[in-house]
Amino acid sequence: PNEDNSFTSLSLVHALKEKGCTGTGTIRSNRTEGAPLKEPQKMKKEPRGSYDQVSEEKSGLTLIRYHDNSIVTIASNRSGIQPTGKSKRYNKAERKYNEIITPSAIVNYNTYMGGVDRLDENNGIYRINFRTKKWYYQLFAFPLNASVNNAWILYRQTSQCKANALDLLGFTRYIVNCYFQKYTTRLTPGNPI
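What counts, and where the lines are drawn
- Residues numbered from 1 in each chain as written.
- Predicted model: local features only at pLDDT ≥ 70, side-chain atom pairs only at ≥ 80, totals over all residues.
- Heavy atoms only, no water.
- Salt bridge = Lys/Arg side-chain N within 4 Å of Asp/Glu carboxyl O.
- Buried < 20%, exposed > 50% of the residue type's maximum accessible area, 1.4 Å probe, protein only.
- Helix = DSSP H or I, 4+ residues; strand = E, 2+ residues; numbered from the N terminus.
- Core = buried A, V, L, I, M, F, W, Y, C linked by side-chain atoms within 4.5 Å.
- Contact = heavy atoms within 4.5 Å.
- Phe/Tyr/Trp six-rings, centres within 6.5 Å; stacked < 30°, edge-to-face > 60°.
- Lys NZ or Arg CZ within 6 Å of the ring centre and 35° of its normal.
- Pairing = 2+ DSSP bridges.
- Patch = residues over 30% accessible without salt bridge, like charges linked within 9 Å, V, L, I, M, F, W, Y side chains within 5 Å.
- Areas by Shrake-Rupley, 256 points an atom, 1.4 Å probe, with all protein chains shown as cover.
- Axes fitted to C-alpha atoms, helices over the stretch in contact; angles between N-to-C directions.
- Lys, Arg positive; Asp, Glu negative; His and termini not counted.
- Polar contact = N/O pair within 3.5 Å; in protein donor to acceptor, adjacent residues only side chain to side chain.

Caption draft 1: Seen up close, the pattern of salt bridges. The final tally for this structure, using the stated rule, is 1 salt bridge. The residue K38 makes a salt bridge to E46 at a minimum N-O spacing of 3.0 Å. Using a relative accessible area of 34% as the deciding quantity, one classes K38 as partly exposed. With relative accessibility at 24%, the residue E46 sits in the partly exposed group.

Structural data, given as structure tokens:
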């Protein structure tokens, strides 16, 4: 799931522009303030790579609705459709990769996205799960997930990573093994459990 669309709004992108900062982020379809973009239901019927753009010349803001794996809406004060790029996407029906047109704002977003998106993506892949429906267990699990993710990001900037690169799964296993080795008692002959 994409979480940065909870924070992006047209007023935020406009405020960034006024302060001399550029910004591009996904935005929820109900936060477009009535902009005349194609409805997401209609865009789902169009082929992958389809897009619709609305720009306001006065403020320099651009809204793009794009059909990728799902329908995505992007707000940007930096770029619009042009120059378009190309992305490879797997087509299940044809069982091969096809190139689709990608608007410039989407290319920029994918290139520079980070923070909330990366954390959410990484936590979604290797989330610590508890076999319970108690809501408050997430108060314990989320800080652990975020801490492992942040430690991995810092690890990737060290010289040790250059010598022995670990992906997030390998890094998580390394942490678990360290704790097991440090805090478990070793069984020796004649030493009862």
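There's more to say after this.
Caption draft 2: Fine view of the environment of R89. Structurally, the position occupied by R89 is in strand β5 (residues 85–91). With 10 residues separating them in the primary sequence, R89 and E99 have C-alpha atoms 6.3 Å apart.

Caption draft 3: Here's a closer look at the nonpolar core. In this structure, I64, Y66, I74, I81, I100, A105, I106 and Y109 together form the largest nonpolar core, which totals 8 residues. Contributing elements (two or more residues each) for this core: β3 (61–67) and α3 (104–112). Sorting elements by how many residues they give to this core places α3 first, with 3 residues. Apart from the residues lying within four places of it in its own chain, the contact partners of I64 are Y51, D52, Q53, V72, T73, I74, G80, I81, P103 and A105. Membership of the second largest hydrophobic core comes to 7 residues, among which are L10, V13, L61 and L63.

Caption draft 4: Layout of the packing of aromatic side chains. Tallying each qualifying case throughout the model produces 2 aromatic pairs. Above the face of the W152 ring, R156 is positioned so that its terminal group lies 4.5 Å from the ring centre.

Caption draft 5: Molecular detail of the environment of M43. Structurally, M43 can be placed in helix α2 (residues 40–44). Taking the C-alpha atoms as reference, M43 lies 41 Å from A165; in sequence the two are 122 residues apart. Residues contacting M43, with those up to four places away along its chain left out, are K38, S50, Y51, D52, R65, Y66, H67 and I71.

Caption draft 6: Representation of the pairing of strand β4 (residues 71–76). The element β4 is largely enclosed, with a buried count of 5 among its 6 residues. Strand direction decides the pairing type here: strand β1 (residues 24–26) and β4, joined by 3 bridges, are antiparallel. Directly across from T24, in β4, lies its bridge partner S76. Pairing between β3 and β4: 6 bridges, direction antiparallel. Residue pairing in the sheet places R65 in a bridge with T73 of β4. Connecting β3 to the antiparallel partner β4 that follows it, the hairpin turn spans 3 residues.

Caption draft 7: Structural view of a nonpolar patch on the surface. Together, W135, Y136, Y137 and L139 make up an exposed nonpolar region whose accessible area comes to about 500 Å². Note on placement: Y137 falls in helix α5 (residues 137–155).

Caption draft 8: Quick look at the pairing of β5. Note: β5 against strand β6 (residues 96–102), 7 bridges, orientation antiparallel. Each residue of the ladder has a partner; that of S87, found in β6, is I100. Connecting β5 to the antiparallel partner β6 that follows it, the hairpin turn spans 4 residues, and R95 within it adopts a positive phi of roughly 55°.

Caption draft 9: Quick look at the sheet that holds β3. In spatial order, the strands read β1-β4-β3-β2; together these 4 strands make up an open sheet with antiparallel pairing. Two strands lie at the open edges of the sheet, namely β1 and β2 (51–56), each paired on one side alone. Averaged over all adjacent pairs, the angle separating strand axes in this sheet is 15°, with direction ignored. Against the sheet, helix α1 (residues 10–18) makes contact with β3 and β4, and its axis sits at roughly 135° relative to β3, the strand it touches most.

Caption draft 10: Broad picture of the side chain of R65. As for its placement among the helices and strands, R65 is situated in strand β3. Although R65 is buried, it forms no salt bridge, and the closest oppositely charged side chain is E39 at an N-O distance of 5.2 Å. Within polar-contact distance, the side chain of R65 engages the side chain of T73 at 3.0 Å.

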